Amino acid sequence: MSATVLFAAPAKDWEDYREVLPATLAGVGVAAEVVTEADPAEVDYIIFAPSSALKDFKPFTRVKAVLNLWAGVEMVVGNPTLRVPLARMVDPGLTEGMVEWCVGHVMRHHLDLDRDICRTDTVWAPHVPPLARDRRVTVLGTGELGRTLAQALAELRFAVAGWSRRSKEIDGVICLSGEAGLKKALARAEILVLLLPLTAETENLLDARRLAQMPVGAVVINPGRGPLIDDAALLAALDSGHIGHATLDVFRTEPLPPDHPYWAHPRVTVTPHIAAGTRATSAARVIAENIRRGEAGEPFLHLVDRAAGY
Ligand SMILES: NC(=O)c1ccc[n+]([C@@H]2O[C@H](COP(=O)([O-])OP(=O)(O)OC[C@H]3O[C@@H](n4cnc5c(N)ncnc54)[C@H](OP(=O)(O)O)[C@@H]3O)[C@@H](O)[C@H]2O)c1
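Keep in mind that this is a model prediction, so the values were computed, not measured.

(A) Molecular detail of the overall build of the chain. A tally of regular secondary structure across the chain gives ten helices and twelve strands. For the chain, the C-alpha radius of gyration of 21 Å lies close to 19 Å, the compact-globule estimate for 310 residues. C-alpha atoms of the chain, sized along the principal axes, occupy 70 × 45 × 40 Å. Partitioning the intrachain contacts of the chain with sequence separation of at least 6 by distance along the chain shows that 62% fall at a separation of at least 24. Summing over all exposed atoms, the chain offers an accessible surface of approximately 15,100 Å²; the carbon and sulfur share of this is 55%. Here the chain carries 32 positive and 38 negative side-chain charges, and the mean point of each set is 6 Å from the other.

Printed below as a string of structure tokens:
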């Protein structure tokens, strides 16, 4: 018997997956038909992008799992019609991409690269650049992405702290948790990277009170989700100089509206939600493995904790 796999994602995603996904499923020995339209009552698995038109999972009476194409699940996790396991994207390609993007932006601020690039009209002003060992970086969220980033930064010899919901141990990283841990994490953060999921508990986490706990001139880098930050509070902190710079990849409204003050702010760098994309080749392997597991009656990988919201 062949499994019916519904690909519920925008058409541009289908272009990326239409060949690689069936081939990868066949490669792990799964007999499956991948389709973009089907009778809901005959669908076994749904590969899902939260931006797709599918909002009601009730008609999918025999579906075994919904496999999210994105790492973030805030747009689907609370859907009351979703009664089957929800897996999210944990993909080595996505993780590598995120680490590279974050290390690049941490390095830009650590070394003050913008200042040092010589242009025709600038002064020749050599100086000794700082060393990573003397730079305190904090990563909020030490899950799949944050943990790998914290380790990569520690390997570069940055003085790294990570903050998470549950306490944990990561080699070379000061691990903090809880409200008291957050205060310590922020107080030391010359560079702060947000890699938290968006949940009821993390929305507006970086508000005026917590921004004020950070060192003067600190840098905020947000590839997590826009609503983790209280935008008005960040803009006020940037205006006052308390926060030296914000590099923002994600926003409350995307695309960032043309009249948003972030665009023109001299202390803000805007990137268009490109920190880490899901790459079809490696993501197809993750999806195929989960479908293989479902067909073999084995537990799914990367299941979302619906109560925690991530
Ligand atoms: N910009 C982009 O292109 C892009 C791409 C991919 C992902 N993302 C974003 O990155 C986020 C993180 O992805 P991931 O794969 O690393 O997620 P993950 O593995 O689920 O890790 C989430 C981390 O956040 C921590 N956390 C969650 N709620 C918390 C709370 N209330 N207080 C303290 N810590 C909390 C978790 O703590 P525990 O370890 O204790 O559970 C965990 O360490 C995604 O949700 C998504 O929003 C962005």
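Moving on from the model shown.
(B) Expanded view of the packing of helix 3 (residues 92-110) against helix 5 (residues 144-155). Running from N to C, helix 3 and helix 5 cross one another at 50 degrees; their axes reach a closest spacing of 9 Å. The angle between helix 3 and helix 5 places the two elements in the oblique class. Handedness of the helix 3/helix 5 crossing: right-handed. Of helix 5, the residues touching helix 3 (which contributes Leu94, Thr95, Met98, Val99, Cys102, Val103 and Val106) are Glu144, Leu145, Thr148, Leu149, Ala152 and Leu153. In terms of residue class, the contact of helix 3 with helix 5 is made up of ten nonpolar, two polar and one charged.

(C) Spatial organisation of the domain arrangement of the chain. Parsing the chain into structural domains produces domain 1 (3-91 + 278-296) and domain 2 (92-270). Taken over C-alpha atoms, the centre of domain 1 sits 32 Å from the centre of domain 2. Note on domain 1 versus domain 2: buried area summed over both sides is about 780 Å², and carbon and sulfur give 56% of it. Inspection of the region where domain 1 meets domain 2 yields one salt bridge. Summed over the shared surface of domain 1 and domain 2, the result is four residue pairs in polar contact (both at pLDDT 80 or more). Within the side of domain 1 that touches domain 2, the residues separate by chemical class into four nonpolar, three polar and four charged.

(D) Inspection of the sheet that holds strand 7 (residues 159-164) at higher detail. As summarised here, the arrangement of the seven strands in space is 8-7-6-9-10-11-12, forming an open sheet in which the pairing is parallel. On the outer flanks of this sheet lie strand 8 (174-177) and strand 12 (268-270), each paired with one strand and no other. For this sheet, the mean angle separating the axes of adjacent strands, direction not counted, is 15 degrees. Contacting strand 6 (136-140), strand 7, strand 8 and strand 9 (191-194), helix 6 (residues 178-187) crosses the sheet at an angle of about 135 degrees to strand 8.

(E) Expanded view of unusual backbone geometry. Backbone torsion omega between Glu254 and Pro255 reads -5 degrees, so that peptide bond is classified as cis. Structurally, Pro255 is set in the loop between strand 11 (243-248) and helix 9 (261-264). The phi dihedral of Asp112 falls on the positive side, at around 50 degrees, and the residue is not glycine. Look at Asp112 and you get partly exposed, because its relative accessible area is 34%. Of note in this structure, Asn204 is not a glycine but carries a positive phi near 60 degrees. Within the secondary structure, Asn204 is located in the loop between strand 9 and helix 7 (208-212).

(F) Local environment of the site of the ligand. Neighbouring the ligand are 28 residues; Arg88, Leu145, Arg166, Lys168 and Tyr310 lie closest to it. Arg165 places a polar main-chain atom, nitrogen or oxygen, 2.9 Å from a nitrogen atom of the ligand. About the coverage of the ligand: the protein hides 94% of its 940 Å² of free accessible area. Among the secondary structure elements, those contributing two or more residues to the shell around the ligand are helix 5 and strand 7. Of the residues contributing to the shell around the ligand, the split by class is twelve nonpolar, eight polar and eight charged.

(G) Seen up close, the environment of Asp114. The topology assignment puts Asp114 in helix 4 (residues 113-116). Among the residues examined, Asp114 registers a relative accessible area of 38% and is labelled partly exposed. Dropping the residues within four chain positions of it, Asp114 is found in contact with Arg108 and Arg119. A polar side-chain atom of Asp114 sits 2.5 Å from a polar atom in the side chain of Arg108.

(H) Region of the structure containing the nonpolar core. The biggest cluster of nonpolar side chains holds 31 residues, and the ones touching the most others in it are Leu140 and Met214. Looking at this core, the elements with two or more residues in it are strand 7, helix 6, strand 9, strand 10 (218-222), helix 8 (231-240) and strand 11. In terms of residues, this core owes the most to one element, helix 8, which gives five residues. Beyond its immediate stretch of four places on either side in the chain, Met214 contacts Leu186, Ala189, Leu192, Leu206, Val219, Val220, His242 and Ile243. In terms of nonpolar packing, the next biggest core, distinct from the first, is built from 27 residues, Leu25, Leu67, Leu69 and Phe300 among them.

About the cut-offs
Residues numbered from 1 in each chain as written. Predicted model: local features only at pLDDT ≥ 70, side-chain atom pairs only at ≥ 80, totals over all residues. Heavy atoms only, no water. Helix = DSSP H or I, 4+ residues; strand = E, 2+ residues; numbered from the N terminus. Rg over C-alpha atoms; globule rule 2.2 N^0.38 Å. Contact = heavy atoms within 4.5 Å. Areas by Shrake-Rupley, 256 points an atom, 1.4 Å probe, with all protein chains shown as cover. Lys, Arg positive; Asp, Glu negative; His and termini not counted. Charge placed at Lys NZ, Arg CZ, Asp CG, Glu CD. Axes fitted to C-alpha atoms, helices over the stretch in contact; angles between N-to-C directions. Parallel < 35°, antiparallel > 145°, perpendicular 65-115°, else oblique. Left-handed = near helix turned anticlockwise from the far one by under 90°. Nonpolar A, V, L, I, M, F, W, Y, C, P; charged D, E, K, R; others polar. Domains from an automatic or database assignment. Buried area = accessible area lost by both parts, 1.4 Å probe. Salt bridge = Lys/Arg side-chain N within 4 Å of Asp/Glu carboxyl O. Polar contact = N/O pair within 3.5 Å; in protein donor to acceptor, adjacent residues only side chain to side chain. Pairing = 2+ DSSP bridges. Buried < 20%, exposed > 50% of the residue type's maximum accessible area, 1.4 Å probe, protein only. Near = heavy atom within 4 Å. Core = buried A, V, L, I, M, F, W, Y, C linked by side-chain atoms within 4.5 Å.

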